[in-house]
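In case you want the letters, here they are:
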Amino acid sequence: MNVPDDLFYTESHEWVRQEGENARVGITDHAQAELTDVVYVELPKIGAQTEARGQIAVVESVKAASDIYAPVKGTVVEVNKALEGNPALINTDPFGEGWIFVLKMDSTDDVKRLKDAAAYRKAIA
Amino acid sequence: MTPVSDAAQKKTPLYEEHVRLGAKMIPFGNWIMPVQYSGIMDEHQAVRKNVGVFDISHMGQLVATGPTAGVWLNEMLTNNTQKLEVGTGQYTFLLNESGGIIDDLIVYRTAPEEFLLVVNASRTDEDFAWLERHRANDLALSNRSADYGGLAIQGPRVVDLFQSILGDDVDLPPRNAIVDLAAKGKELLIARTGYTGEDGVEVFFPTKDAAMVWNEVLDKGKALGIRPCGLGARDTLRLEMCYPLNGSDLSPEHNPIEAGLGFFVDLKKPKFIGREELVKAKETGTANRLVPFRMKSKGPPPRPHYSVWRDGEQIGEATSGTLSPSLNQGIGMAYVAAPHARAGTEIEIEIRGQKFPGTIEKKPLYKKS
């Protein structure tokens, strides 16, 4: 299972790429493999404010709908519109083209509370 | 994601094979079953285009034997067992006194005085206890579920597959019929039936043979594009055909008339459990009807328990829902108030507080082109 070293992770299987004061968020390779064929993504609204661990998006496979949580507190500044036409990008490229949204973080210190790659690997082992 | 606990979960004789193939295993009733191997979409398409194999060893087998077995079953089940010749089967219901559905099942006449009931895994013990409680003294009833493994082999290339397994001297039985290969020295029952809308069979064999039969089918099927298929594809395939799932679309709170399955109820029979309620339901009509529906837009797929609306009024609730791999659109089944049950009715499905348009359809939702 792919767990890139340069990302942060949540217990609910989101990943975070810190880009200055922004956090790009998606779900992990492990999560997409568990969910299987993603057929629909409900994206958050740009400008939406969220607490850390607030429910903010929904990813649906053939079998079920799964909630996606904001890893950190912040405001949604970008969403991945490509997922509306091609939700399977989450399966084919979870850490790249399959990103879901970008948060402007209230505090960049918040990412430090997330798991690093080693801790996440341990969590899914 | 919920971790799968091994506690109190029954394994089919093919459990090790599923794990070896990398299946994702999930709890299903008391069982731990494969939900998918290569992926629901891929498995679904394999069954529609080629052939797929499902482990159905969890399903229950009850056997009723005795000179009065047929007469007795006719009072237990809704369809008419007197119409069954040896070697044929029929879809039927086991009802409670108020006409509610305990189980839907297939009953086969395997000998003049012997009937095989193939029942839902989650209802096997309940069905057996119910039947045993109502059993007449001059017949025997046994629960053979642990003795049998089973496979559903489904798809347009099933005949080719069986030719390569059994050779030319064994013909598959006609639709709804069952053959016992004991006479040919094989412990194998083959029934021409299924839950996918494709040509196919369900086969039953001694538990000890399960891995051998499974691997033989996969091996001989390789050239035909076979896929091992899990519960995920089983659900999308059956829902495209509007075959009901007990526990979702059927339950003791609903009767077969409401479920639109009156075809499998013989009200001309003078006596069977639940008959009075069904006669009433037929005469006065039922308050609700189980109907298939299809979403209009590329929105989120419908799911069980989503509410169904028309003109700002809630008219029902979905019992099944998924994204149809064949239609690439959301489909489902719902109980709706009878005045709104007509095919073509425009409805809305509420999904996370937002309403998405759909239409009530006729069965089946998917037709082979």
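In short, a report on the structure. (Residues numbered from 1 in each chain as written. Chains lettered and ligands numbered in written order. Predicted model: local features only at pLDDT ≥ 70, side-chain atom pairs only at ≥ 80, totals over all residues. Heavy atoms only, no water.)

A look at the overall build of chain A
Argument step 1. For chain A, the helix and strand inventory stands at four helices and nine strands.
Argument step 2. Reading chain A from its N end, one meets helices and strands in the order β-β-β-α-β-β-β-β-β-α-α-β-α.
Argument step 3. Relative to the compact-globule value of 14 Å for 125 residues, chain A shows a C-alpha radius of gyration of 13 Å, a close match.
Argument step 4. The C-alpha extent of chain A, read off along each of the three principal axes, is 35 × 35 × 20 Å.
Argument step 5. Contacts in chain A between residues at least 24 apart in sequence constitute 61% of all its contacts with a sequence separation of at least 6.
Argument step 6. Carbon and sulfur atoms provide 44% of the accessible area of chain A, an area that totals close to 5,800 Å².
Argument step 7. Looking at charge distribution, chain A has the averaged site of its 13 positive side-chain charges lying 5 Å from that of its 21 negative ones. (Helix = DSSP H or I, 4+ residues; strand = E, 2+ residues; numbered from the N terminus. Rg over C-alpha atoms; globule rule 2.2 N^0.38 Å. Contact = heavy atoms within 4.5 Å. Areas by Shrake-Rupley, 256 points an atom, 1.4 Å probe, with all protein chains shown as cover. Lys, Arg positive; Asp, Glu negative; His and termini not counted. Charge placed at Lys NZ, Arg CZ, Asp CG, Glu CD.)

Observations concerning the pairing of strand β3 (residues 22-27) of chain A
Argument step 1. Buried residues dominate β3(A), accounting for five of its six residues.
Argument step 2. In this antiparallel pair of consecutive strands, strand β2 (residues 14-19) of chain A and β3(A), the connection spans two residues, and G20(A) shows a positive phi of 65°. (Buried < 20%, exposed > 50% of the residue type's maximum accessible area, 1.4 Å probe, protein only. Pairing = 2+ DSSP bridges.)

Focus: the packing of helix α2 (residues 40-49) of chain B against helix α7 (residues 231-241) of chain B
All names here are of chain B.
Argument step 1. The geometry of α2 relative to α7 is characterised by a closest axis approach of 8 Å and an angle of 55° between their N-to-C directions. As judged from the angle between their axes, α2 and α7 are oblique. Viewed along their axes, α2 and α7 form a crossing whose handedness is right-handed. Residues I40, E43, H44, V47 and R48 of α2 lie in contact with α7, whose contacting residues are G232, A233, T236, L237, E240 and M241.
Argument step 2. In terms of residue class, the contact of α2 with α7 is made up of five nonpolar, three polar and three charged. (Axes fitted to C-alpha atoms, helices over the stretch in contact; angles between N-to-C directions. Parallel < 35°, antiparallel > 145°, perpendicular 65-115°, else oblique. Left-handed = near helix turned anticlockwise from the far one by under 90°. Nonpolar A, V, L, I, M, F, W, Y, C, P; charged D, E, K, R; others polar.)

Overview of the packing of aromatic side chains
All names here are of chain B.
Argument step 1. Counting across every chain of the model gives seven aromatic pairs over all chains.
Argument step 2. Relative to F93, the ring of Y91 has its centre 5.3 Å away and its plane inclined at 70°; by these criteria the two rings are edge-to-face.
Argument step 3. You can call F93 buried: its relative accessible area is 0%.
Argument step 4. Between F263 and F264, the ring centres sit 5.1 Å apart and the planes meet at 85°, which makes this aromatic pair edge-to-face.
Argument step 5. Judged by relative accessible area, F264 falls into the partly exposed class, the value being 22%.
Argument step 6. Three or more aromatic residues joined by ring pairs form one cluster here, namely Y91, F93, F263 and F264.
Argument step 7. Between the NZ or CZ atom of R234 and the centre of the ring of F54, over which it lies, the distance is 5.7 Å.
Argument step 8. Geometry around W309 places K355 over its ring, the cationic atom sitting 4.2 Å from the centre. (Phe/Tyr/Trp six-rings, centres within 6.5 Å; stacked < 30°, edge-to-face > 60°. Lys NZ or Arg CZ within 6 Å of the ring centre and 35° of its normal.)

Section: the sheet that holds strand β17 (residues 313-324) of chain B
All names here are of chain B.
Argument step 1. Pairing is antiparallel in the closed barrel, where six strands are placed in the order β15-β18-β17-β16-β19-β20. If you compare each strand with its neighbour and ignore which way they point, the axes differ by 45° on average.
Argument step 2. Note that strand β19 (residues 346-351) and strand β20 (residues 354-360) share six bridges and pair antiparallel. If you follow E350 over to β20, its bridge partner there is K355.
Argument step 3. Packed onto the sheet, α7 meets β17 and β18 (329-337) and runs at close to 125° relative to β17.

Read these as geometric descriptors, not functional statements.
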